[in-house]
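Breakdown of the fold
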Amino acid sequence: MRIAKRLNEAKTMMEQAGREGSSAEWLLMHVLDVDRTGLLVRLSDELTPEQDLRFSEYLLAHVHGVPVQHLIGYQPFYGRDFRVTPDVLIPRPETEELIVFVTERLKRESFTAGQIVDIGTGSGAIGITLALELEQPVTTVDISPAAITVAKQNQAALGGDVTFLEGDLLAPLADNSVRVLVSNPPYIEEEELLSEVVFDHEPHLALFGGKDGLVFYRRLVEESGRVLRDDFRLIAFEIGHNQGPEVQMMLKERYPNAETGILKDINGKDRIVYAERKDCTA
Ligand code: GLN
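Everything numeric in this text was worked out from a predicted model, so none of it was measured.

**Here we look at the UniProt feature "binding site: S-adenosyl-L-methionine" (unreviewed entry) in the chain**
Within this numbering scheme, the UniProt entry marks G120, T121, G122, S123, G124, D142 and N184 as carrying the feature "binding site: S-adenosyl-L-methionine" (unreviewed entry). In terms of the greatest pairwise C-alpha distance, the residues named above, spread along 65 residues, form a tight cluster of at most 11.9 Å across. Note on placement: G120 falls in the loop between strand 3 (116–119) and helix 7 (125–134). The contacts of G120, once residues within four sequence positions are left out, are V141 and D142. Tracing the sequence through the fold places N184 in the loop between strand 6 (180–183) and helix 9 (196–199). Judged by relative accessible area, N184 falls into the buried class, the value being 15%.

**Looking at the sheet that holds strand 8 (residues 259–264)**
Judged by pairing direction, the sheet is mixed, and its 7 strands sit side by side in the order 5-4-3-6-7-9-8 without closing on themselves. On the outer flanks of this sheet lie strand 5 (162–166) and strand 8, each paired with one strand and no other. Sheet twist, expressed as the average angle between the axes of neighbouring strands with direction ignored, equals 15 degrees. Sheet topology note: the strand 4 (residues 138–142)/strand 5 ladder contains 5 bridges and is parallel. Counted as the bridge partner of V138 is V162 from strand 5. Relative to strand 7 (residues 234–238), helix 6 (residues 93–106) is tilted by about 170 degrees, and along the sheet it contacts strand 6, strand 7, strand 8 and strand 9 (270–276).

**Looking at the packing of aromatic side chains**
If you walk through the whole model with that rule in mind, you get 5 aromatic pairs. Measuring from ring centre to ring centre gives 6.2 Å for F199 and F208, while their planes differ by 70 degrees; the resulting arrangement is edge-to-face. Note on F208: relative accessible area 16%, which makes it buried. Between the aromatic rings of F232 and Y255, the centroid separation amounts to 5.0 Å while the plane-to-plane angle is 65 degrees, which identifies the pairing as edge-to-face. Taken together, the residues F232 in the loop between helix 11 (215–227) and strand 7 and Y255 in the loop between helix 12 (244–254) and strand 8 connect sequence positions 23 residues apart. As far as the burial class goes, F232 and Y255 line up, both buried.

Calculation notes
- Residues numbered from 1 in each chain as written.
- Predicted model: local features only at pLDDT ≥ 70, side-chain atom pairs only at ≥ 80, totals over all residues.
- Heavy atoms only, no water.
- UniProt positions renumbered as here; feature names shortened; annotations may be inferred.
- Helix = DSSP H or I, 4+ residues; strand = E, 2+ residues; numbered from the N terminus.
- Contact = heavy atoms within 4.5 Å.
- Buried < 20%, exposed > 50% of the residue type's maximum accessible area, 1.4 Å probe, protein only.
- Pairing = 2+ DSSP bridges.
- Axes fitted to C-alpha atoms, helices over the stretch in contact; angles between N-to-C directions.
- Phe/Tyr/Trp six-rings, centres within 6.5 Å; stacked < 30°, edge-to-face > 60°.

Here's what the structure looks like:
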């Protein structure tokens, strides 16, 4: 059977199973070891029996809930492929918008080691991307040694001046040292129903933020007083779509002299909350 037809059938199979049709494409590109263009030029070829079998196995695994990214081993994020395992959250496209926001705000400013921090490293997607895009040193913290191992592998493959610290939120950071605080903490509410692809395969440590999903924002804002310098520049958090006003209020109360705001993602949902000191540019 020609690849084009096999792919179409696989897409339909994915959709009927409640998965994205495009998953079939990612899995087939992986089986053939080609990118999208490579796939296009081979649409009238045939799969070998071994390729066909592997493709079927992958499709079935995904139908049973295994994320495509765990089958192919990576997730593209901001133009780079990040290795992912069940020990780390799979980077989401929404989080690329956090990168856009932070890099636009900090363009042309320079910072020294330890001044830009990312809390909750996971795969390293945020920390490594910021280090590469800003060409500045970034320090990251994660409570999970297994996640840090993955992040370090990503840093070794992709580069970036990144220091990885293990610990609970801001605990490993020095007093009065941080000028830019970025985080995509766990923010899912305890009772929220998630797809089995997420719930059964991604680390709950990286997903759930207590009963109302806000536990880590409360702690980050409260504990930030110790590590932030008086002339801090920017705090930027990714948030759940219904958490904007509450998280903004926390920042407003704690940092009344900063300008705070909520930004929407490409789907029109609240996604980023920030506090910024424009008078403190570096
Ligand atoms: N955005 C992720 C999701 O919807 C959650 C990430 C997080 O809790 N920080 O699954």
